[in-house]
Amino acid sequence: MDFSSLGLNKNLVAAVSSLGYREPTPIQAEAIPAILNQQDIMAGAQTGTGKTAAFALPILHQLSESLSPSTLQEESYRPVRALVLTPTRELAQQVHSSFVGYGQNTSLQINIAYGGVSLNPQIKELRQGTDVLVATPGRLLDLMFKGVVKLDQLQVLVFDEADRMLDMGFSDEINRILKQVPAARQTLLFSATFDQAIFDLSKHLLKSPKLIEVDSRNTAAEQVEQIVYAVDADRKRELISHLIGAKNWHQVLIFTRTKQGADALAREMCKDGIKTQSIHGDKSQGARERALEEFKQGKTRALVATDVAARGLDIEQLKFVINYELPYIAEDYIHRIGRTGRAGASGLAISLLSSDENWLLEEIEAILDARLPQQWLPGYEPDLTKEAPVSRKNTRTAQKRRTKDRAFGKKPSNRRR
Ligand code: AMP
């Protein structure tokens with residue numbers, strides 16, 4: 001199957017081919033014709049599956065087909081016709097730059113708005129008119145409040161990483177935005193995970209949506225080799241520096257649970273001679289962008305990130321992800337390892353497991369529905385004379401699985417592991 005058989009116009013087909021895309025990914029093959037057919041979508045897809053093009057291409061197609069030459073000649077203001085809401089600035093930037101790439105042969109105006117930076121340049125851009133706006137909810141509301149953005153002509157509304165938007169507490173903002181958008185619109189909801197909150201949100205938003213689940217949450221794992229090293233907590237940093245040094249790895253993304261942990265680890269790794277930076281929510285937008293750019297360019301060898309800061313990072317050919325600590329939210333494990341093994345490339349995800357984290361591993365194994373056997377790295381074997389904490393029973397995950405099954409209209413499964 002190629003992109004032209006999906007019903008996209010030749011400008012868009014030429015753009016994706018210039019980006020080196022040879023054929024649509026499964027989510028693109030399913031979502032693009034449905035969106036072109038004006039259907040609402042509820043898609044279970046994580047970053048790395050090609051989900052951005054799955055919604056961006058049909059949106060660009062629809063908007064450019066309805067751009068008449070007279071509209072183009074009119075220098076007057078063009079209202080927002082497609083809005084993509086994202087939870088984080090990084091994801092907003094990523095989605096915006098994908099739109100710009102896919103829309104390179106169109107005359108559509110594609111804009112971005114996110115917080116943490118001055119409002120004025122964004123206002124200036126937006127005042128010139130915009131067809132597609134990619135925005136984080138808080139900044140969008142600021143701009144709406146100032147009368148810079150009006151959504152009364154909106155045709156398509158996209159929620160990207162809706163689960164993370166709710167996790168980050170954006171429900172109020174979302175409700176306020178929804179009051180300003182026309183009821184007659186197309187709505188596309190993308191979420192890596194489904195729980196009751198997403199299900200509730202979707203009921204208000206979507207009209208007879210097409211449900212798409214190209215991959216279950218665990219498929220990122222299929223292209224990604226996953227290794228779990230059992231190691232004492234106080235030797236984790238040493239083990240990471242050893243691996244990176246001995247194997248001569250470059251571009252290693254490391255996850256910690258806390259901002260302080262990210263800073264401390266980056267500092268210690270620098271002392272080990274590995275050029276490392278950290279990104280998290282306390283760093284200014286500029287600092288985060290610089291750190292990311294230097295990492296992308298290979299100027300820094302490792303980047304330590306918290307889960308929120310890492311959402312939406314798309315770094316070409318990222319091969320290595322290390323979980324310095326396992327996440328408290330099991331689904332974050334899938335987001336983390338989804339940073340590697342993207343669009344078919346292979347990757348390696350290493351998790352460092354201290355004895356107090358066994359219950360977190362159990363939760364991850366439950367949502368993956370697979371065992372992740374633990375190994376010892378010679379020289380870093382855990383000290384078994386230390387007492388291991390008791391593991392916790394996993395009822396939350398089973399409940400989430402049942403909710404997700406319901407969301408996709410399946411009979412709730414009672415699988416036990
Ligand atoms: P996404 O899931 O949208 O974040 O996309 C993940 C990565 O896959 C990005 O680097 C895209 O440029 C790339 N990508 C998306 N669609 C395709 C495709 N059909 N063929 C090859 N690469 C793709």
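For the structure itself, look to the data block above.
In this text, all values refer to a predicted model and were calculated from it rather than measured experimentally. (Residues numbered from 1 in each chain as written. Predicted model: local features only at pLDDT ≥ 70, side-chain atom pairs only at ≥ 80, totals over all residues. Heavy atoms only, no water.)

Details of unusual backbone geometry
Moving on, step 1. Here glutamine 38, not a glycine, exhibits a phi torsion of approximately 70°, which is positive.
Moving on, step 2. Mapping glutamine 38 onto the fold places it in the loop between helix 2 (26–36) and strand 1 (41–44).
Moving on, step 3. For glutamine 38, a relative accessible area of 54% gives the class exposed. (Helix = DSSP H or I, 4+ residues; strand = E, 2+ residues; numbered from the N terminus. Buried < 20%, exposed > 50% of the residue type's maximum accessible area, 1.4 Å probe, protein only.)

Quick look at the environment of aspartate 152
Moving on, step 1. Tracing the chain through its elements places aspartate 152 in the loop between helix 7 (137–145) and strand 5 (156–159).
Moving on, step 2. Spatially, the C-alpha atom of aspartate 152 lies 5.6 Å from that of valine 181, the residues being 29 residues apart in sequence.
Moving on, step 3. Leave out the neighbours within four places in its chain, and aspartate 152 touches Gln180 and Pro182. (Contact = heavy atoms within 4.5 Å.)

Some words on the sheet that holds strand 4 (residues 132–135)
Moving on, step 1. Strand order in the open sheet formed by seven strands is 3-4-2-5-6-1-7, and the pairing between neighbours is parallel. What marks the edges here is a single partner per strand, and that holds for strand 3 (110–113) and strand 7 (210–212). Between one strand axis and the next, the sheet turns by 15° as a mean value, whatever way the strands run.
Moving on, step 2. In terms of strand pairing, strand 5 meets strand 6 (residues 186–191) through four bridges, oriented parallel. The residue bridging valine 158 from the neighbouring strand is leucine 188, located in strand 6.
Moving on, step 3. Contacting strand 1, strand 5 and strand 6, helix 10 (residues 196–205) runs over the sheet at an angle of about 170° to strand 6. (Pairing = 2+ DSSP bridges. Axes fitted to C-alpha atoms, helices over the stretch in contact; angles between N-to-C directions.)

Digging into the pairing of strand 4
Moving on, step 1. Covered by surrounding structure in strand 4 are Val132 and Val134 together with Leu133 and Ala135, the residues of both alternating faces.
Moving on, step 2. Relative to strand 4, strand 2 (residues 82–85) is paired through four bridges, and the arrangement is parallel. Paired with leucine 85 across the strands is alanine 135, a residue of strand 4.
Moving on, step 3. Bridging between strand 3 and strand 4 involves four bridges; their strand directions are parallel. Counterpart to asparagine 111 in the pairing with strand 4 is leucine 133.
Moving on, step 4. Viewed along the sheet, the connection from strand 3 through helix 6 (residues 119–127) into strand 4 turns out right-handed. (Right-handed = clockwise from strand over helix to strand, strands pointing away.)

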